[in-house]
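# Remarks on the overall topology
In case you want the letters, here they are:
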Amino acid sequence: MSTNSTDPDPGPVTHVVLVKAGRTKIRYPAVLLGDDGTHLTLRAPWAGEGVRDFGFVRFEPGDVFTEHYWRDRWYAVKEVRTASGALKGWYCDITRPAVTDGATLTVEDLDLDLWRSADGTDVRVLDEDEFEASGLTSRDPEAAAQARTALTTLTALAHTRTFADLIARRAVPRLPVEG
């Protein structure tokens, strides 16, 4: 998607690193749109290989993700649009709070995900089986509890008509962060 004249000037290129089970799952470049010290907004093209068809949504070359990360929250919210700008929906990852080091933003994926369609009629929790199989509940019960709380909060918000506005205004409720 090309940046239109109402968008802020793009910032520097940074790299997003998604870690899962102690290993880098994916690393991709993104343009930093904003960082207020707590909330970071980045824009990146679909970084996957080819098309990923989930059945309820397809991520494909040309799709553009506007990604929201927080240093004090246990999730990331990614607005997904086609190359022409049509909104597909929001893909939410339950993660540990984002960590930045120079031009690198790193998040640890905790296996739980949420999808909300553009019109809000399809809200679905994804990968609960992966979360259970990960062993996080026994290995780090506090992190598992934070993940469940984040998922519960995002699920409730995803069922509201104001979800997109809350994300755009960064008004998503703050969840407590443990140590």
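Residues numbered from 1 in each chain as written. Predicted model: local features only at pLDDT ≥ 70, side-chain atom pairs only at ≥ 80, totals over all residues. Heavy atoms only, no water.

According to the stated counting rule, one finds eleven aromatic pairs in the structure shown. Pairing F59 with Y91 gives two aromatic rings, centres 5.8 Å apart and planes at 75°, and the pair type is edge-to-face. In this pair, F59 sits in strand β5 (residues 58-59) while Y91 sits in strand β8 (residues 87-95), placing the two residues 32 residues apart along the sequence. The same class applies to F59 as to Y91, namely buried. Aromatic rings pair up to connect W46, F54, F56, F59, F65, Y91 and W115 into one cluster. (Phe/Tyr/Trp six-rings, centres within 6.5 Å; stacked < 30°, edge-to-face > 60°. Helix = DSSP H or I, 4+ residues; strand = E, 2+ residues; numbered from the N terminus. Buried < 20%, exposed > 50% of the residue type's maximum accessible area, 1.4 Å probe, protein only.)

A negative phi angle is the norm for most residues apart from glycine, just as the trans form is the norm for most peptide bonds. Even without glycine at this site, D111 takes up a positive phi of about 80°. Looking at D111, the relative accessible area reads 10%, which means it is buried. At D127, a residue that is not glycine, the phi angle is positive and equals roughly 65°. Mapped onto the secondary structure, D127 falls in the loop between β11 (123-126) and α1 (128-133). On the basis of relative accessible area, D127 is assigned to the partly exposed category, the value being 25%.

Tallied over the entire structure, the rule returns 16 salt bridges. Close ionic contact of R58 with E60 constitutes a salt bridge, the shortest N to O distance being 3.2 Å. Note that R148 and E128 form a salt bridge whose closest N and O atoms lie 3.3 Å from each other. On the criterion of sequence distance, the pair formed by R148 in helix α3 (residues 141-158) and E128 in helix α1 is long-range, its members being 20 residues apart. The network of salt bridges with shared partners includes D53, R58, E60, D63 and K88. (Salt bridge = Lys/Arg side-chain N within 4 Å of Asp/Glu carboxyl O.)

In this structure, Y75, V77, I94, L114, L154 and F163 are the most contacted members of the largest nonpolar core, which totals 24 residues. Sorting the residues of this core by element identifies β7 (75-81), β8, β10 (104-117), α3 and α4 (163-168) as the ones contributing at least two each. For this core, the element with the most residues is α3, which contributes eight residues. Other than its neighbours up to four places away in sequence, I94 contacts W74, Y75, E108, D109, L110, D111, L112, D113, A147, A150, L151 and L154. Residues Y28, A30, A44 and A98 belong to the second largest nonpolar core, which totals twelve residues. (Core = buried A, V, L, I, M, F, W, Y, C linked by side-chain atoms within 4.5 Å. Contact = heavy atoms within 4.5 Å.)

Checked against the element boundaries, D109 lands in strand β10. At a separation of 2.8 Å, a polar atom in the side chain of D109 contacts the main-chain amide nitrogen of D111. Each residue touching D109, except ones within four places of it in the same chain, is listed here: L18, V19, K20, K25, I94 and T95. (Polar contact = N/O pair within 3.5 Å; in protein donor to acceptor, adjacent residues only side chain to side chain.)

On to the environment of R52. With respect to the secondary-structure elements, R52 resides in strand β4 (residues 52-53). By relative accessible area, which is 46% here, R52 ends up partly exposed. Excluding anything up to four places from it in sequence, R52 contacts W46, V57, R58 and F59.

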